[in-house]
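Each chain, letter by letter, is given below.
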Amino acid sequence: RRQRGRRGLDMLKNLQNSYDVIVGLEDRLAGNPTDPVDSRLVTLAKALGASLVTNDFNLSKVASLQNVPIMNLNDLAMCLRPVFLPGDSVNVEIEKAGSQSGQGIGYLDDGTMIVVENGEYHIGERMEAHVTQVHQSTAGRMIFATLEDADGTAYKRRARS
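Because the structure is predicted, anything quoted here is derived from the model rather than measured.

Parameters and conventions
- Residues numbered from 1 in each chain as written.
- Predicted model: local features only at pLDDT ≥ 70, side-chain atom pairs only at ≥ 80, totals over all residues.
- Heavy atoms only, no water.
- Helix = DSSP H or I, 4+ residues; strand = E, 2+ residues; numbered from the N terminus.
- Expected span 1.5 Å × (residues − 1).
- Buried < 20%, exposed > 50% of the residue type's maximum accessible area, 1.4 Å probe, protein only.
- Contact = heavy atoms within 4.5 Å.
- Pairing = 2+ DSSP bridges.

Trainee: What's the story with helix α2 (residues 37-48) in this structure? I'm lost.
Mentor: For α2, built from twelve residues, the straight-helix expectation of 16 Å at 1.5 Å per residue is met to within 8% by its first-to-last C-alpha distance of 16 Å. Listed as buried for α2 are Arg 40, Val 42 and Ala 45. The elements touched by buried residues of α2 are β1 (52-54) and α3 (57-65). A positive phi of about 65° marks Gly 49, the residue just after α2.

So, in structure tokens, the structure goes:
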């Protein structure tokens, strides 16, 4: 908890130094110090006429019930993820072998896993793969793809040297 607090203060200092933004403490507007933290955050946002930025789902719900504008960081991250549909191309570095024979695994910048058929034979290479399926689950998103030659035919398996 202490380490996160220090990191937060460091980030505030970086904001102060990098942008023309006022950073300060407004504890007197946050309500009673014995109130729960979520309640104090909502009270402070209302007093300042500010939006609340959070990744806490419950805090988002409490703030929205009290008409405090919120920005959920998880929702923002979802909006910034690239959208892939079957047939799209994606450039990916094959990092390791998959669970099935011949599969290679790569990752997008946002951490999305890409399972590439015949990718096992290209570990350590950056390849152009063609999306065949996108699977969304509660655990996240997985993209399935295949490698193709320039003429559109599937890569032939080749033995790793």
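Trainee: Looking at this structure, how should I read the pairing of strand β5 (residues 104-107)?
Mentor: If a strand is regular, its side chains alternate between the two faces of the sheet. Across two bridges, the pairing between strand β4 (residues 96-97) and β5 is antiparallel. What sits directly across from Ala 97, in β5, is Gly 104. Counting the residues between successive antiparallel strands, the hairpin from β4 to β5 contains six residues, one of them, Gly 102, with a positive phi of roughly 90°. Sheet analysis places β5 next to strand β6 (residues 113-117), joined by four bridges and oriented antiparallel. Opposite Gly 104, over in β6, you have Val 116 as the bridge partner.

Trainee: Can you help me understand unusual backbone geometry in this one?
Mentor: Most peptide bonds adopt trans geometry, and most residues besides glycine take a negative phi value. A positive phi angle is found at Asn 67, which is not glycine, with a value near 60°. Mapped onto the elements of the fold, Asn 67 is located in the loop between α3 and β2 (70-72). We classify Asn 67 as exposed; its relative accessible area is 69%. The backbone of Asn 118 sits at a positive phi, close to 65°, despite the residue not being glycine. Looking at where Asn 118 falls in the secondary structure, it is placed in the loop between β6 and β7 (126-137).

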